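Chain and residue survey
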Amino acid sequence: QVQLVESGGGLVQAGGSLRLSCEASGRTLSTPDMGWFRQVPGKEREFVAAMRWIGKIKYYTDSVKGRFTISRDNALNTLYLRMNSLKPEDTGVYYCAILKTNIADATIAFNYDYWGQGTQVTVSS
């Protein structure tokens, strides 16, 4: 069994920064590809960023490019999302997840196996 625990969310003013963390434990793969999604009430879970183990390839949704940075510390089994220049539209519950193996498209929620419980990010204007 795999457990993912997100932390680091909170309330921040527009223009501020937060760093989210996602700690993985349990029977984790040694080289998982992982991603971040966010969700607001009444809407589907939205892709934010993903990172592949091989080649350290990173993907971002257009709205966060240049503001968010995904990274990982393999020694700590932790995935991060650094969020700068936050906007009110970044508000939502942020989830980390592990991509299923041999999946090409890392931007679709259905392609992920394991999910954390989420952490709330609220950006005030």
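Right above here is the structure, for reference.
Fair warning: this is a prediction, and the values are worked out from it, not measured in the lab.

**Section: the overall build of the protein**
- Across its full length, the protein carries zero helices and eleven strands.
- Reading the protein from its N end, one meets helices and strands in the order β-β-β-β-β-β-β-β-β-β-β.
- Whereas a compact globule of 125 residues would reach a radius of gyration of roughly 14 Å, the protein reaches 14 Å, a difference of no more than 12%.
- Taking the principal axes of the C-alpha coordinates as reference, the protein spans close to 40 × 30 × 25 Å.
- Counting only residues that meet the buried cut, the protein has 41% of its 125 residues in that class.
- When contacts within the protein are restricted to residue pairs at least 6 apart in sequence, long-range pairs at least 24 apart make up 56% of them.
- In the protein, the 14 positive side-chain charges and the 11 negative ones have mean positions that sit 3 Å from each other.

**Observations regarding the nonpolar core**
- Among the nonpolar cores identified, the biggest contains 24 residues, and Leu-4, Trp-36, Val-48, Phe-68, Leu-81, Met-83 and Tyr-94 are the most heavily contacted of them.
- For this core, the secondary-structure elements that each account for two or more residues are strand S1 (2–7), strand S3 (18–26), strand S4 (34–39), strand S5 (46–51), strand S7 (68–73), strand S8 (78–83), strand S9 (92–99) and strand S11 (119–124).
- Examining the composition of this core, we find that four residues originate from one element, S3, more than from any other.
- Contact partners of Tyr-94, with chain neighbours within four places excluded, come to Glu-6, Leu-20, Trp-36, Phe-37, Arg-38, Val-48, Phe-68, Leu-81, Met-83, Gly-118, Thr-119 and Val-121.
- Residues Phe-47, Ala-97, Ala-106 and Tyr-112 belong to the second largest nonpolar core, which totals seven residues.

**Brief notes about the pairing of S3**
- Note: S1 against S3, six bridges, orientation antiparallel. Along S3, the bridge assignment pairs Gln-3 with Ser-25.

**Observations concerning the state of the cysteines**
- In this structure the tally under the stated criterion is one disulfide.
- Note that Cys-22 is cross-linked by a disulfide to Cys-96, the S-S spacing being 2.0 Å. Across the disulfide from Cys-22 to Cys-96, rotation about the S-S bond amounts to roughly 60°, and the bridge is consequently right-handed. Taken as a pair, Cys-22 in strand S3 and Cys-96 in strand S9 lie far apart in primary sequence, 74 residues in all. Neither residue differs from the other here; Cys-22 and Cys-96 are each classed as buried.

**Here we look at the sheet that holds S1**
- Within the open sheet, the four strands sit side by side as S1-S3-S8-S7. Their pairing is antiparallel. Only two strands of the sheet have a single partner each, and these edge strands are S1 and S7. For this sheet, the mean angle separating the axes of adjacent strands, direction not counted, is 15°.
- Pairing geometry for S3 and S8, over six bridges, is antiparallel. Bridge assignment links Arg-19 to a residue of S8, and that residue is Arg-82.

**Let's talk about the packing of aromatic side chains**
- Inspection of every chain in the model, using the stated rule, returns five aromatic pairs.
- Measuring from centroid to centroid gives 5.6 Å for Phe-37 and Phe-47, while their planes differ by 75°, and the two rings are edge-to-face. Highlighted residues: Phe-37 in strand S4 and Phe-47 in strand S5, separated in sequence by ten residues.
- Using a relative accessible area of 0% as the deciding quantity, one classes Phe-37 as buried.
- What makes Phe-47 buried here is its relative accessible area of 9%.
- Here a set of aromatic residues connected by ring pairs shows up, and it is made of Phe-37, Phe-47, Tyr-95, Tyr-112 and Trp-115.
- Geometry around Trp-115 places Arg-45 over its ring, the cationic atom sitting 4.7 Å from the centre.

Thresholds applied
- Residues numbered from 1 in each chain as written.
- Predicted model: local features only at pLDDT ≥ 70, side-chain atom pairs only at ≥ 80, totals over all residues.
- Heavy atoms only, no water.
- Helix = DSSP H or I, 4+ residues; strand = E, 2+ residues; numbered from the N terminus.
- Rg over C-alpha atoms; globule rule 2.2 N^0.38 Å.
- Buried < 20%, exposed > 50% of the residue type's maximum accessible area, 1.4 Å probe, protein only.
- Contact = heavy atoms within 4.5 Å.
- Lys, Arg positive; Asp, Glu negative; His and termini not counted.
- Charge placed at Lys NZ, Arg CZ, Asp CG, Glu CD.
- Core = buried A, V, L, I, M, F, W, Y, C linked by side-chain atoms within 4.5 Å.
- Pairing = 2+ DSSP bridges.
- Disulfide = S-S within 2.5 Å.
- Axes fitted to C-alpha atoms, helices over the stretch in contact; angles between N-to-C directions.
- Phe/Tyr/Trp six-rings, centres within 6.5 Å; stacked < 30°, edge-to-face > 60°.
- Lys NZ or Arg CZ within 6 Å of the ring centre and 35° of its normal.

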